[in-house]
Amino acid sequence: MAKDKLICNCNGTMPLDGKALARALKLGAAPNVNTELCRRHVASFEAAVKSGNDLVVACTQEAPLFGELYETLKGSGGIQFVNIREAAGWSAEAARATPKIAALLALADLPEPEPVPVVSYQSGGSLLIIGPGAAALQWADRLSEQLAVSVLVTEGADRHELPSVRRYPVLSGKPRAVTGYLGAFQVEWEQVNPIDLDTCTRCNACIHACPEQAIDFSYQIDLDKCKAHRQCVKACGAIGAVDFERKETQRSERCDMVLDLSREPLIRLPQPPQGYFAPGRDPLEQALAAQQLMKFVGEFEKPKYFEYKEKICAHGRSNITGCTKCIDICSTRAISSDLDENRIKVEPHLCMGCGGCATVCPSGAMTYAYPRVSDMGARIKTMLQVYREAGGEGACLLFHNTTDGRELIARLARRGKGLPAHVIPLEVFHVASLGLDLMLGSIALGAAQFIVLSSGAEPAEYRGALERQMGYAREIVAGLGLGDGRFRLIEAGNPAALEQAVWAGEQPRTLTPATFNLSNEKRTTLDFTFEHLQRHAPARTEQIALSAGAPYGAVEVDRQKCTLCLACVGACPEGALIDAKDKPQLKFIERNCVQCGLCEKTCPEDAIALRPRLLLTAEATQAVVLNEDQVFACVRCGKPFANQRIIDNMLGKLGSHSMFRDPAALRRLQMCQDCRVVDLFEKGNDGTIFDTTGKG
């Protein structure tokens, strides 16, 4: 259902055409073009709220003001905000931007995506501060009234004095690892100093007893000064805090948050877990981190960003590793291997929603859920359809994130030429979630170009993964004769670089748009997309060569080496390699293959090789024979039980063995298992492996 549209030309700085927008959006009446909706014409907004209808306000700058007014007026309908100013109206081609503005406004009429499951956190406010004594204790003193603070003093040259009142636990040692997430961190360290601060009563007896003055009021022993008189041990007595022969030195502590003041962070990840702060030694950064801590006390929820289908995962079989692409790309170490279960494991509390795992997953076992591909597809399809029907041509989709990407586009509109009229910005939570299915699917739905903007927030690994996905997409469209320049990754950190990138280059032609919807099943979406692209290709192409690592390809079998043991069939997680039920035969369905390499690694004869390519004929979906052999029947009962090559290989390898010198024993290898047992009991005079010892 269409929502009431409130538009404003922002003091006459945008050439808006209300009637043209009404035609493009199929509205019953043209929306009034306000000049100062947030100031002089605010009565228009108030009247719209009182109508009780759902509203779309084409202004994001004043969203806080309109939101406050909406609450004050007790609006009963919904309200959404759409940016048409920086995205379209402030542009050197603003006069031609009506189709783009209509497309942006049309997105607001789409229903909200179905909710996704949530991941919960509980943080009671326990904080472990790790670092040099002076800084760690200083922050502990400041934060101990608001949080349940503990301190782990690390070894260092700086000397410090422990507080005279034990308001919080103080420990010491060498940190080994920090694992976990907000509300469930585990810190492990090694107790390296002879004095255990947790046991120490700070009675000062050891300080007075030490002849070298190797102990001060940090209650730690300077081992460079210590001459091993052990007077401190005697002085400590039954308390036992001083122990130079301590055997159990490994310690651990659980906490809700960690403030790591180490020079080098203990968790070195592009995206550390929530609740972990590593400001280093910079006092300003430490203060900013400390300021954030109180925001992480309580109960929290976030979306579960991914969905995992174990049955089609190509990670492993029988403790043999196949695909590891999701593990390799994850910047939070949320994904790990579980080869015992032939699967991967994902810790949802560590997942930050980048979607890179879904992008690189060849089978679609890992999919992105925030939003789902089907929801993104619906947005793209709607946007392109409205743009096209409003007279727009050569639509270019510019995907960017909601942080620095959004800000860069806004800065470009203020300072430079803005975006061209055919470049439609589309926000996503993280650009790493844009995979091959969305790239090619967008072209099939009528986009001329698919561009991703990286403004610097994304780790290099994600940019590399996007480039590889775009590389496969480029190979496919080029192989179909659909031209170059359809897929681009723009790395721009300032408006000038972005302006140069978006205003440069030729516009490829658009294809006749497909009518299908993008599916959450990656391979299904790509199957429909390949068919559509091939239908509109200048010339029919049967196969396209792809780069190494591509998720499509053939399996080649060396028939001279292959014995048809069919270990590869058991290893294939996708049903690409199958056997025949009635005869020795190895078959292959190429469209099912994800090139995970499990068959290649499993093959005992080293008879399998992978060849990445995209086969576009009907043969891709049909089972083709890679190798076959004659059936071998039992020489005693005539029952088929193996294939000829396996028996020949076995006879060739064992024929010269001492256990098979008797022709009857060699003949037994050609019997089925039942006849073999019967034959053994009937004759009973065969040798064993022990018969060969001591005989000349």
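Notes on the structure follow. (Residues numbered from 1 in each chain as written. Predicted model: local features only at pLDDT ≥ 70, side-chain atom pairs only at ≥ 80, totals over all residues. Heavy atoms only, no water.)

**Some words on the overall build of the chain**
Here is step 1: Within the chain one finds 22 helices and 32 strands.
Here is step 2: Relative to a compact globule of 696 residues, whose C-alpha radius of gyration would be 26 Å, the chain shows 34 Å and is clearly more extended.
Here is step 3: Projected onto its principal axes, the C-alpha coordinates of the chain cover approximately 110 × 90 × 45 Å.
Here is step 4: Expressed as a percentage of its 696 residues, the buried residues of the chain come to 48%.
Here is step 5: Relative to all contacts within the chain whose residues are 6 or more apart in sequence, the contacts with residues 24 or more apart total 69%.
Here is step 6: Put simply, the chain shows about 32,700 Å² of open surface, and 49% of that area lies on carbon and sulfur atoms.
Here is step 7: Treating the 78 positive side-chain charges of the chain as one cloud and the 82 negative ones as another, the clouds have centres 2 Å apart. (Helix = DSSP H or I, 4+ residues; strand = E, 2+ residues; numbered from the N terminus. Rg over C-alpha atoms; globule rule 2.2 N^0.38 Å. Buried < 20%, exposed > 50% of the residue type's maximum accessible area, 1.4 Å probe, protein only. Contact = heavy atoms within 4.5 Å. Areas by Shrake-Rupley, 256 points an atom, 1.4 Å probe, with all protein chains shown as cover. Lys, Arg positive; Asp, Glu negative; His and termini not counted. Charge placed at Lys NZ, Arg CZ, Asp CG, Glu CD.)

**Notes on the environment of Gly575**
Here is step 1: Take Gly575: it is sitting in the loop between α18 (567-571) and β27 (577-579).
Here is step 2: Take Gly575: its relative accessible area is 28%, and that puts it in the partly exposed class.
Here is step 3: Taking the C-alpha atoms as reference points, Gly575 and Arg591, 16 residues apart in sequence, are found 10.0 Å from one another.
Here is step 4: If near-sequence neighbours (up to four positions away) are discounted, Gly575 is found in contact with Ile589 and Asn592.

**A few points about unusual backbone geometry**
Here is step 1: That bond from Tyr370 to Pro371 is cis: its omega, 0 degrees, falls within 30 degrees of zero.
Here is step 2: Its identity is not glycine, yet Lys74 carries a phi of approximately 55 degrees, on the positive side.
Here is step 3: Topologically, Lys74 is positioned in the loop between α3 (63-72) and β4 (79-81).
Here is step 4: The exposed category is assigned to Lys74, whose relative accessible area is 70%.
Here is step 5: One non-glycine residue, Ser318, lies in the positive phi region at around 50 degrees.
Here is step 6: With respect to the element layout, Ser318 can be found in the loop between β16 (316-317) and β17 (320-321).

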